[in-house]
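Single-letter residue listing:
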Amino acid sequence: MRKKEAHQSAVCPILHKAVVMGGSAGGFKAFSTILSSISPDFRLPILIVQHLRPDDDGLFARHLAGTVRVPVIEPCDKQWIKAGHLYVAPANYHMLVEQNGTIALSVEEKVNWSRPSIDVLFESAALALGERIIAVILSGANADGAAGMLTIKEAGGLTIVQDPATAEYPVMPQAAIDSGAVDEVLSMEEIGRRLIELGSRNLDELHSVTL
Amino acid sequence: MKNPEGEHTEIDLLLETIYQRYGYDFRSYARASIVRRTMLFRSNAGCASVSEMIPRIIDDEDFASHLIRYFSIAVTESFRDPLVYRAVREKVIPLLRTWPHCKIWHAGCATGEEVYSLAIVLKEEGIYDRTTIYATDFNNEALDRARAGIYEIGKLKEATRNYQQAGGKRSFSEYYHARYQAAAMDKALNERVVFSSHNLASDSAFGEMHLVFCRNVLIYFNHDLQNRALGLFTESLVHGGFLCLGTKEDLQFSDFSDRYELVDKNARIYKKKNWP
């Protein structure tokens, strides 16, 4: 798999603004493994879609909150997106990113038999933030997210998937790879380290700009 | 990828065209969702760009009405979010009882499933006969279906389960007549319902209300249009009147949070404060 050249980003650094992530079957384990390595000083907002049962009632978000060290929020419509916070799409709603930095929820029809859908989140993030987005696809048993990854890739964002060989359900990361949209294929531990690196590089560069 | 700024301009022009030509105003709808729907419609219609859609919107009424229908999301179900109906039963109706006559505005009722749900709760609590429900929507096609009250039989299973979770006191089957592939809601349930066309983007308030029920409608509006609609609700409600929003709609993110007190957080039920 092609990896983005490290020096390329050093020459032309992109200040990432947000991380969007998607998971389905096997996603809870992958999310909690990766996100538990993120410390409270992580400076990017993280927005995630996990396919949920319609009657989840915030259970997934509460469980995740028990395993991570950043504030976990199941957002309301028009809520501001804050750095270092983790936003979990509520069951039965699509979650979208608006250009003004707020979250939009919607009860539009299901996409890929899913609401929330990963494609819906990713496509809205690509439109709102373009190259400043980092997208991650984790374990899952359908192809939701592949089209969204492609949109993010075309917008110049960074696209990462969990190595299908390490995923409990490889279909979803494999579908993203097959779409030709993926920059990096990493294990869960590597994804955690990579996010920390990108999140903190972001902070250093922000400092060097403002100082 | 196409220059996103250019694309936004094209979408602005498209929405302006729809407004000028047909009077439907989507200019203040939540942007991310309207952009998404425009793009999907564009690719299904085989148009190379959003600009290409504009002359067709002007000349081809069928094409335009398809797009307008595609923008008008009408997703609802009977007793959607059962906890809300339970909260209405326990926390709102006891106060509605204290008024001699009770007026309810169900704004954005779509195809009406939740109008019948509310009517059932009011009936079981014994105040339906002194209530008037004004059920409004700007989508006339949806409104016709709401008026008819005939729904797919496949939806009954979920409706029945929701009804039970909502604290239903009888058997849900007492409220409809199933025939062939359809279930017709009992006519007695809409005796006191006035179905009427009303557009929250352009029309004004029309009467004094004790409860405004508007769930998962404001999420399609941007901040300004949301505030316009909340302004109409606030103008309509009597002091101490209730406002019930969607479970993920919070007044905290609007300009009206200081006009209301929270009655039930999960059900997003608010009560209008007395204003000096």
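Residues numbered from 1 in each chain as written. Chains lettered and ligands numbered in written order. Predicted model: local features only at pLDDT ≥ 70, side-chain atom pairs only at ≥ 80, totals over all residues.

Visitor: Looking at this structure, I do not really get the overall build of chain B. What am I missing?
Guide: Tallying secondary structure elements over chain B gives nine helices and ten strands in all. Taken against the 2.2 N^0.38 rule, which gives 19 Å for 276 residues, the C-alpha radius of gyration of chain B at 20 Å falls within 12% of a compact globule. Viewed in the frame of its principal axes, chain B has a C-alpha envelope of about 55 × 55 × 30 Å. Taking all 276 residues of chain B together, the buried fraction comes to 42%. Considering only intrachain contacts with a sequence separation of at least 6, the fraction spanning at least 24 residues in chain B is 77%. (Helix = DSSP H or I, 4+ residues; strand = E, 2+ residues; numbered from the N terminus. Rg over C-alpha atoms; globule rule 2.2 N^0.38 Å. Buried ≥ 20, exposed ≤ 12 C-beta atoms within 10 Å, placed from the backbone. Contact = placed C-beta atoms within 7 Å.)

Visitor: Is there a simple way to think about the domain arrangement of chain B in this case?
Guide: Frequently, the measure chosen for interface size is the accessible area that the parts lose on association. All names here are of chain B. Along its sequence, chain B is carved into domain 1 (4-71) and domain 2 (82-272). Distance from the C-alpha centre of domain 1 to the C-alpha centre of domain 2: 30 Å. Domain 1 puts six residues into the contact, and the matching count from domain 2 is eight residues. Partitioned by chemical class, the residues of the side of domain 1 that touches domain 2 number two nonpolar, two polar and two charged. (Domains from an automatic or database assignment. Nonpolar A, V, L, I, M, F, W, Y, C, P; charged D, E, K, R; others polar.)

Visitor: Would you explain the sheet that holds strand S5 (residues 182-185) of chain B in this entry?
Guide: In a beta sheet, neighbouring strands are held together by backbone hydrogen bonds and run either parallel or antiparallel to one another. Residues and elements named next belong to chain B. Pairing within the open sheet is antiparallel, and its three strands lie in the order S3-S5-S4. Of all the strands in the sheet, just strand S3 (150-152) and strand S4 (176-179) have a single pairing partner and so form its edges. On average, each strand axis in the sheet is tilted by 30° relative to the strand beside it, whichever way the strands run. Two elements, S4 and S5, share four bridges in a ladder whose sense is antiparallel. Across the sheet, Arg 179 pairs through a bridge with Ala 182, a residue of S5. (Pairing = 2+ DSSP bridges. Axes fitted to C-alpha atoms, helices over the stretch in contact; angles between N-to-C directions.)

Visitor: Any chance you could explain helix H2 (residues 31-45) of chain B here in plain terms?
Guide: Within an α-helix, residues lying three or four positions from one another point in the same direction, as the helix has 3.6 residues per turn. Residue and element names in this part refer to chain B. The end-to-end C-alpha separation of H2 is 21 Å, in line with the 21 Å expected for 15 residues at 1.5 Å each. Inspection of H2 places Ala 32, Ser 33, Val 35, Arg 36, Thr 38 and Arg 42 among the buried residues, and these make up the whole buried set. Two residues or fewer after H2 comes Gly 46, characterised by a positive phi angle close to 70°. (Expected span 1.5 Å × (residues − 1).)

Visitor: I would appreciate a short explanation of the interface of chain B and chain A in the present structure.
Guide: In this complex, chain B contributes 17 residues to the contact, which on the side of chain A involves 22 residues. Per-element accounting of the side of chain B that touches chain A gives the leading share, five residues, to H2(B). In terms of residue class, the side of chain B that touches chain A is built from nine nonpolar, three polar and five charged.

Visitor: I keep staring at the sheet that holds strand S8 (residues 237-245) of chain B and nothing clicks. Help me out?
Guide: Residue and element names in this part refer to chain B. One open sheet accounts for seven strands, arranged S6-S2-S1-S7-S8-S10-S9; its pairing is mixed. Bordering the open sheet on either side are strand S6 (193-197) and strand S9 (260-264), each of which pairs with just one other strand. Each strand of the sheet is rotated relative to its neighbour by a mean of 20°, with strand direction disregarded. Of the pairings in the sheet, the one linking strand S1 (residues 102-107) to strand S7 (residues 209-214) comprises three bridges and is parallel in character. Residue His 106 lies in a different strand from S7, and its bridge partner there is Phe 213. Contacts between helix H6 (residues 113-124) and the sheet are confined to S1, strand S2 (131-137), S6 and S7, with S2 contributing the most and set at about 170° to the helix. Helix H7 (residues 140-148) rests against S2 and S6 of the sheet, and its axis sits at about 165° to S6.

Visitor: In this structure, what is going on with the packing of H2(B) against helix H4 (residues 61-71) of chain B? I would like to understand it.
Guide: Between two packed helices, both the angle of their axes relative to each other and the distance between the axes serve to describe the pair. All names here are of chain B. Remark: H2 packs on H4, axes separated minimally by 10 Å, with the N-to-C direction vectors making an angle of 140°. It follows from the interaxial angle that H2 and H4 lie oblique. Here H2 runs over H4; the crossing is right-handed. Every residue of H4 that contacts H2 at Ile 34, Arg 37 and Phe 41 is listed here: Leu 67, Tyr 70 and Phe 71. Considering only residue class, the contact of H2 with H4 consists of five nonpolar, no polar and one charged. (Parallel < 35°, antiparallel > 145°, perpendicular 65-115°, else oblique. Left-handed = near helix turned anticlockwise from the far one by under 90°.)

Visitor: Please clarify how helix H2 (residues 27-35) of chain A should be interpreted in this entry.
Guide: When we look at burial in H2(A), the residues that qualify are A:Gly27, A:Ala30, A:Phe31, A:Ile34 and A:Leu35. Buried residues in H2(A), looked at end-on, bunch into an arc of 110°, giving them a common side. (Arc of directions from axis to C-beta.)

Visitor: Whenever I open this one, the pairing of S9(B) confuses me. Can you help?
Guide: In regular strands, side chains alternate between the two faces of the sheet. When S9(B) meets strand S10 (residues 269-272) of chain B, the two strands line up antiparallel, connected through four bridges. Considered in S10(B), the bridge of B:Tyr260 is made with B:Lys272.

Visitor: Which parts of the structure should I look at to understand the nonpolar core?
Guide: Nonpolar side chains in soluble globular proteins tend to be buried together. Ranked by size, the top nonpolar core spans 143 residues in total, and within it A:Val20, A:Leu121, A:Ala125, A:Met149, A:Ala176, B:Val212 and B:Cys244 carry the most contacts. There are two domains that each give this core at least three residues, and those are domain 1 (4-71) and domain 2 (82-272) of chain B. Excluding anything up to four places from it in sequence, A:Ala125 contacts A:Ala18, A:Val20, A:Val97, A:Ile133 and A:Ile152. (Core = buried A, V, L, I, M, F, W, Y, C linked by C-beta atoms within 7 Å.)

Visitor: Honestly, the packing of helix H4 (residues 118-129) of chain A against H2(B) in this entry has me stumped. Any pointers?
Guide: At a closest axis distance of 10 Å, the pairing of H4(A) and H2(B) adopts a crossing angle of 110°. Overall, the two elements H4(A) and H2(B) adopt an arrangement that is roughly perpendicular. Judged by residue contacts, A:Glu123, A:Ser124, A:Leu127 and A:Ala128 of H4(A) engage B:Ala32, B:Val35 and B:Arg36 from H2(B).

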